[in-house]
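Coordinate inspection notes
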Amino acid sequence: MKRSEINALIEDAKELLHKHYMKLPPFAYWSPEDWKQKGSECDEIRECGLGWDITDFGAGDFDRTGLVVFTVRNGHRTLEPYTDKTYCEKILIVRKDQHTPMHYHVFKQEDIICRCGGNLVCEVYNRTPDDQLAGTEVEVSLDGVRHRVPAGTQLVLTPGESITLTPYLWHEFWAEKGTGTSIVGEVSKVNDDATDNVFLKALGRFPDIEEDAPPMHLLCTEYEAPGA
Ligand SMILES: [Fe+2]
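Structural notes on unusual backbone geometry
Trans is the prevailing form of peptide bonds, just as negative phi is the prevailing case for residues other than glycine. For the bond from Glu80 to Pro81, the omega torsion is 5°, close enough to zero to count as cis. Although it is not a glycine, Asp97 sits at a positive phi angle of roughly 60°. Structurally, Asp97 is set in the loop between strand E3 (87–94) and strand E4 (100–105). The backbone phi angle of Asp143 is positive, close to 50°, even though this residue is not glycine. Among the secondary structure elements, Asp143 is positioned in the loop between strand E7 (138–142) and strand E8 (145–149).

Some words on the nonpolar core
If you look at the biggest cluster of nonpolar residues, it comprises 40 residues, and the most contacted ones within it are Leu92, Val94, Ile112, Leu120, Cys122, Phe173 and Val184. Not counting residues up to four positions away in its chain, the partners in contact with Val94 are Leu67, Leu120, Phe173, Trp174, Ala175, Thr181, Ser182 and Val184.

Brief notes about helix H1 (residues 3–19)
Counted at 1.5 Å a residue, the expected span for H1 with its 17 residues is 24 Å, and the 24 Å between its end C-alpha atoms agrees. For H1, every residue scored as buried is listed here: Ile6, Ile10 and Ala13. Looking straight down H1, one finds that the buried residues subtend no more than 60° of arc, so they occupy a single side. When the buried face of H1 is taken as reference, the exposed residues oriented beyond 90 degrees from it are Glu11, Glu15, His18 and Lys19. Remark: Tyr21 follows H1 within two positions and exhibits a positive phi of approximately 60°.

A short note on the sheet that holds strand E13 (residues 197–199)
The five strands lie next to each other as E9-E6-E11-E4-E13, forming an open sheet whose pairing is antiparallel. Each edge of the open sheet is held by one strand with a lone partner, namely strand E9 (153–157) and E13. Ignoring which end each strand starts from, the neighbouring axes of this sheet average 35° apart. Alignment of E4 against strand E11 (residues 170–175), held across two bridges, turns out to be antiparallel. Bridge pairing links Thr100 to Phe173 in E11.

The rules behind each value
Residues numbered from 1 in each chain as written. Predicted model: local features only at pLDDT ≥ 70, side-chain atom pairs only at ≥ 80, totals over all residues. Helix = DSSP H or I, 4+ residues; strand = E, 2+ residues; numbered from the N terminus. Core = buried A, V, L, I, M, F, W, Y, C linked by C-beta atoms within 7 Å. Buried ≥ 20, exposed ≤ 12 C-beta atoms within 10 Å, placed from the backbone. Contact = placed C-beta atoms within 7 Å. Expected span 1.5 Å × (residues − 1). Arc of directions from axis to C-beta. Pairing = 2+ DSSP bridges. Axes fitted to C-alpha atoms, helices over the stretch in contact; angles between N-to-C directions.

This is the structure we're talking about:
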């Protein structure tokens, strides 16, 4: 992805969230220059991967396969002193027909919540022992109500509705055409993008970036240690 595109996507995300009266924590607005002044008091942001996370999953077609994420809070599974924070919260901006490709998590259980804007479609499958999509009925909880649905069902979440995605449950989501960009919440166990995501098709979790403009904000993978 081009840096200029990432800058524009972050600006769009801030504008959209503010339009819906959702403000972000202070570090969402810090520039790379601001970060140069930040010391070890900000280690939690760096070490737990908080902040902006814009990705095309390495597919090079952001409009069809991509996601804008802001990680509001996260702990760490092994690094002290963050292991007591066992939870994570993200905001996801999902455009119409823009897919987060089929994947599951080994450790993380997550609730995906359609907060406002467009409807979110979530397609679910069980996993076969050889890591493929199973044809078996899926048991899934939607806002505390247990459902049994055929393999590959596309569940439509309207604003206010959520789905609980358990470990090893394959899922892919996108915003429903004709309903607008969906503002989505994710409340989960600790997030670890380095080890916990299994994609059905080999994809990268983070984009390659072409530096055609200076960054307006650092991504969560771009923080440097204080004094570096
Ligand atoms: Fe997921």
